[in-house]
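Each chain, letter by letter, is given below.
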Amino acid sequence: MKTLISSDVRLLANLIQEGKVVIFPTETVYGIGASTKLEVACLRVYEIKGRPKDNPLIAHFHSIDAIAAVCELGEVGRKLLEEFSPGPLTLILPKKDKSLFPKDLETLAVRIPKNPVVREWIELSGGPVSAPSANLSGRPSLTKLTDVLRYFDGVVDGILEAEEPSFGIESTVVSLVGKTPALLRPGSIESKELVSILPDLWIPETTLKNDSRTIPLSPGTKYKHYAPSARVILASTEEFTYSLKTMKESKTTAWIGFIEEAVEPNGSSERFAKRALGGMAWFCPVSSNEDYASKLYAFFESCDLAGIETIFCEVPKSGRGEEGLRNRLEKATGG
Ligand code: TXA
Ligand code: MG
């Protein structure tokens, strides 16, 4: 199949209207989308990803009014969207328009991406666009066009060329369906920011815990998300620094963290960097939790390409950006 790779929003909107599958960047990660109104097109997204059918998709909208037209938004939902949208917040809402995908669910996950070009494309598509993250099921989400092309060029109908993701981890998911609002997935918008509007926000234990550890006998990799093929070790700063000092000659080990002080300042960092493989150094310095999140998935991808077997990830700094990043790192350790 020939994939149309273009920044022409009209051309790519036509593809969605024709029931085709299009990959597009959001501020968080790339999405792989189809019209929420066309079930067959949405089911093709599942096929391409190898995604279990019981995992519903997020519908991406261009405006709050477009959401209110098809869902029970309510006062609190509207307040949340006014405060945090366009941006990395997904709300689970009761569905008014039962014809939208997935038809068998009473609820719909909705979000408005930050990039105006992407919103224009969604509007031209006749909106909404249902999309999970653009990755093979169980693998980390993708944040670089080059990685998207490696997996999906020739597989999807179109790829929208627009600004690459910068946040790097998937949106915060909040359910407004039950009596108590619940945080279903942490992200860059943190629970402490949400409590001003949702003072009774409930954080279920399963949201923050690594499921594969709490259910050690769970079959297969059902609960393993966001993980590269390499083994991921979440290390304290002391462990991280020690491993870096003692194992840096290992050709199958990589590091991501607040590396500055960990690499000796006497020029050996340069020697270290020379061991880059396929253009990618085996360590990835980060300057903040936000910077860490934005680089994490692309680093995982590079490590797998390079045949790295073990990745040491330094624990995030406490404070801003920690919640979502720590959750993804814990998930990536797999258990
Ligand atoms: O940042 C993001 O959210 C990215 C970009 C592309 O928007 N999308 C993304 O989609 O991460 P995905 O499919 O990888 O994750 C969607 C999450 C899943 O955990 C799914 O189970 C949950 O949202 N979800 C979707 N619809 C739901 C519903 N009706 N009720 C409960 N959870 C739902
Ligand atoms: Mg995903």
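Cut-off values and rules
Residues numbered from 1 in each chain as written. Chains lettered and ligands numbered in written order. Predicted model: local features only at pLDDT ≥ 70, side-chain atom pairs only at ≥ 80, totals over all residues. Heavy atoms only, no water. Phe/Tyr/Trp six-rings, centres within 6.5 Å; stacked < 30°, edge-to-face > 60°. Buried < 20%, exposed > 50% of the residue type's maximum accessible area, 1.4 Å probe, protein only. Helix = DSSP H or I, 4+ residues; strand = E, 2+ residues; numbered from the N terminus. Lys NZ or Arg CZ within 6 Å of the ring centre and 35° of its normal. Near = heavy atom within 4 Å. Polar contact = N/O pair within 3.5 Å; in protein donor to acceptor, adjacent residues only side chain to side chain. Areas by Shrake-Rupley, 256 points an atom, 1.4 Å probe, with all protein chains shown as cover. Nonpolar A, V, L, I, M, F, W, Y, C, P; charged D, E, K, R; others polar. Expected span 1.5 Å × (residues − 1). Bend = angle between axes of the 7 residues up to and from the residue. Salt bridge = Lys/Arg side-chain N within 4 Å of Asp/Glu carboxyl O. pLDDT = per-residue confidence, 0-100. Contact = heavy atoms within 4.5 Å. Pairing = 2+ DSSP bridges. Axes fitted to C-alpha atoms, helices over the stretch in contact; angles between N-to-C directions. Arc of directions from axis to C-beta. Parallel < 35°, antiparallel > 145°, perpendicular 65-115°, else oblique. Left-handed = near helix turned anticlockwise from the far one by under 90°.

Caption draft 1: Looking closely at the packing of aromatic side chains. Inspection of the entire model under this criterion finds six aromatic pairs. Between Y151 and F152, the aromatic rings sit 6.1 Å apart at their centres with planes inclined by 45 degrees, giving tilted as the arrangement. Judged by relative accessible area, Y151 falls into the partly exposed class, the value being 26%. A ring pair is formed by F258 and Y292, whose centres lie 5.8 Å apart and whose planes are at 75 degrees; its orientation type is edge-to-face. Of this pair, F258 sits in the loop between β12 (253–257) and α11 (268–274) while Y292 sits in helix α12 (residues 289–305); the two residues are 34 residues apart in sequence, bridging distant segments of the chain. For Y292, a relative accessible area of 0% puts it in the buried group. Residue placement shows K317 over the ring face of F258; its charged tip is 4.4 Å from the ring centre. Of note, R328 hangs over the ring of Y226, and the distance from its end group to the ring centre comes to 5.0 Å.

Caption draft 2: The arrangement of the site of ligand 1 in detail. Around ligand 1, 20 residues are found, and the nearest of them are T28, R51, N55, H60 and S171. Note that an oxygen atom of ligand 1 is positioned 2.9 Å from one of the side-chain N or O atoms of R111. Protein chains bury 85% of the 680 Å² of accessible surface belonging to ligand 1 in isolation. Of all the elements, strand β6 (residues 107–111) adds the most residues to the shell around ligand 1, at three residues. Along the lines of polarity and charge, the residues of the shell around ligand 1 split into nine nonpolar, seven polar and four charged.

Caption draft 3: Main features of α12. In this model, α12 (17 residues) spans 24 Å end to end at C-alpha, consistent with the 24 Å of a helix rising 1.5 Å per residue. At L296, α12 is bent by approximately 40 degrees, the largest bend along its length. Taken across its 17 residues, α12 has 13 buried, putting it largely inside the fold.

Caption draft 4: Seen up close, the pattern of salt bridges. Tallied over the entire structure, the rule returns 17 salt bridges. Note that K144 and E164 form a salt bridge whose closest N and O atoms lie 3.7 Å from each other. One end of the pair, K144, is in the loop between β7 (129–131) and α6 (145–152); the other, E164, is in the loop between β8 (158–160) and β9 (172–175), and 20 residues separate them in sequence. Residue classification places K144 among the partly exposed residues on the basis of a relative accessible area of 33%. For the salt bridge of D147 with R150, the shortest nitrogen-to-oxygen distance reads 2.9 Å. Of this pair, D147 and R150 both sit in helix α6, three residues apart, which is roughly one turn of that helix. Residue classification places R150 among the partly exposed positions, given a relative accessible area of 39%.

Caption draft 5: Summary view of the confidence of the model for the protein chain. Residues of the protein chain with pLDDT of at least 70 account for 88%, and the chain-wide mean is 89. Taken together, the stretch residues 276–280 has pLDDT below 50 and engages in six contacts with residues farther than four places along the chain or on a different chain.

Caption draft 6: Region of the structure containing the sheet that holds strand β13 (residues 283–285). Pairing within the open sheet is parallel, and its four strands lie in the order β11-β14-β12-β13. Every interior strand has two partners, whereas the edge strands, β11 (231–235) and β13, have only one. On average, each strand axis in the sheet is inclined to that of its neighbour by 15 degrees, with strand direction left out of account. Along the sheet, helix α10 (residues 237–247) makes contact with β11, β12 and β14 (310–314), crossing β12 at roughly 140 degrees.

Caption draft 7: View of α6. What α6 keeps buried is the set L145, D147, V148 and F152. In an axial view of α6, the angular spread of the buried residues amounts to 160 degrees, which keeps them on one side of the axis. Contacts made by the buried residues of α6 are with β2 (22–25), β3 (30–35), α2 (39–49), β8 and α12. Taken from the residues just after α6, G154 is the one with a positive phi, measuring 90 degrees.

Caption draft 8: Up close: the environment of E106. Position of E106 among the secondary structure elements: in the loop between β5 (89–94) and β6. On the basis of relative accessibility, which here comes to 56%, the residue E106 falls in the exposed class. Expressed as a C-alpha distance, the spacing of E106 and K96, which sit ten residues apart in the sequence, is 8.3 Å. E106 has contacts with L93, P94, K95 and K98, leaving out every residue within four places of it along the chain.

Caption draft 9: A look at the packing of α12 against helix α13 (residues 322–333). Two numbers describe how α12 lies on α13: the axes approach to 9 Å, and their chain directions differ by 25 degrees. Comparing the axis directions of α12 and α13 gives the class roughly parallel. Here α12 runs over α13; the crossing is left-handed. Where α12 approaches α13, its residues N289, Y292, A293, L296, Y297 and F300 are matched on the opposing element by E322, L325, R328, L329 and A332. Its residues assigned to classes, the contact of α12 with α13 comprises eight nonpolar, one polar and two charged.

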